[in-house]
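# Fold and contact review
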Amino acid sequence: MKINKTNIVNIILIVIFVIALIVAMVTFGKNLNILINSPDKFRQWIHSFGKLGIIVFIGVQILQVVVFVIPGEVVQIAGGYLFGTFLGTLYSVIGITIGSLICFLIARVLGYNFVRSIVSEENLEKFDYIINNPKGEVILFLLFFIPGMPKDALSYIAGITPVKFYNFFIITLFARLPGIFFSAYIGANLGNKNYFMAGVVAIIAVLLFLIGVYKKDLIMEKFKKF
């Protein structure tokens, strides 16, 4: 196989990307585990950084999007638990938007083969119709808006579509905002020990999420005819 300059640059970028992920996971991996198992300890860890705790939380949110191992809702709920509904939403939006744009740019630079190596074949097949769809921006917005869709993986897939960077920024910022707000609201009520309200909103969120998960094939079939 002939190796040209583009292939060499792509290989170097992939190696840098992998090394950066390894360093990030080694640095924050233990604390991400605390996030799931002990919210109070995670809050203590964030607050141990003082004013820099906000930056650390945003960094965790960025890492969650780029790696997409931990469900995003967990970190978003933690944001509300730590900072309240408004600030939790704000910090999560900042982190998720930055993380999504990083995913988009990585995919745009490294191309389809790289995306195929990190996104499941199933997701690629399900969303391949948006890659060259002239209405891809509208469809992307709706997919990001609907609960239960694999939004972090979609950020990588979006990078190999004709969607422009600025348009994707607008899409990911506004389409994901309602879901982030509700997650932060749940976390804030948990932090305030208002378990009834947190439970009510959580039940609604879970029902919407399950509808999105179990109806996503039907929804995507509708989008293919859009």
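Below is a short write-up of the structure.

How each quantity is defined
- Residues numbered from 1 in each chain as written.
- Predicted model: local features only at pLDDT ≥ 70, side-chain atom pairs only at ≥ 80, totals over all residues.
- Heavy atoms only, no water.
- Helix = DSSP H or I, 4+ residues; strand = E, 2+ residues; numbered from the N terminus.
- Contact = heavy atoms within 4.5 Å.
- Salt bridge = Lys/Arg side-chain N within 4 Å of Asp/Glu carboxyl O.
- Buried < 20%, exposed > 50% of the residue type's maximum accessible area, 1.4 Å probe, protein only.
- Expected span 1.5 Å × (residues − 1).
- Phe/Tyr/Trp six-rings, centres within 6.5 Å; stacked < 30°, edge-to-face > 60°.
- Axes fitted to C-alpha atoms, helices over the stretch in contact; angles between N-to-C directions.
- Left-handed = near helix turned anticlockwise from the far one by under 90°.
- Nonpolar A, V, L, I, M, F, W, Y, C, P; charged D, E, K, R; others polar.

### Description of the environment of G111
Checked against the element boundaries, G111 lands in the loop between α5 (85-110) and α6 (112-118). Residues G111 and I160, 49 residues apart in the sequence, show an inter-C-alpha distance of 6.3 Å. Excluding residues within four positions of it along the chain, G111 makes contact with I106 and I160.

### Observations concerning the pattern of salt bridges
Enumeration according to the criterion identifies 1 salt bridge in this entry. The salt bridge involving R176 is made with D152; its shortest N-O contact spans 3.2 Å. Separated by 24 residues along the polypeptide, R176 in the loop between α10 (165-175) and α11 (177-191) and D152 in helix α9 (residues 151-158) bring together distant segments of the chain. The same class applies to R176 as to D152, namely buried.

### What to know about α11
Compared with an ideal rise of 1.5 Å per residue, which puts 15 residues at 21 Å, α11 spans 21 Å between its outermost C-alpha atoms and is within 8% of the ideal. Residues of α11 that are buried: I180, S183, A184, I186, G187, A188 and N189. Downstream of α11 by a residue or two, K193 has a phi angle that is positive, lying close to 60°.

### Section: the packing of aromatic side chains
If you walk through the whole model with that rule in mind, you get 10 aromatic pairs. Centre to centre, the rings of F144 and F168 are 5.9 Å apart; their planes meet at 65°, and the pair counts as edge-to-face. Here F144, found in helix α8 (residues 136-145), pairs with F168, found in helix α10; they are 24 residues apart in sequence, far enough to count as distant. Assessed through its relative accessible area of 0%, F144 is described here as buried. Take F168: its relative accessible area is 0%, and that puts it in the buried class. Feature note: the residues F104, F144, F165 and F168 constitute an aromatic cluster, connected by ring pairs.

### Details of the packing of α5 against α10
Axis separation between α5 and α10 bottoms out at 10 Å; the angle between their running directions is 145°. You can see that α5 and α10 cross each other, and the crossing is right-handed. Facing V93, T97, S100, L101, F104 and L105 of α5, the residues of α10 in contact are F165, F168, F169, T172 and L173. Residue composition of the contact of α5 with α10, by class: 8 nonpolar, 3 polar and no charged.

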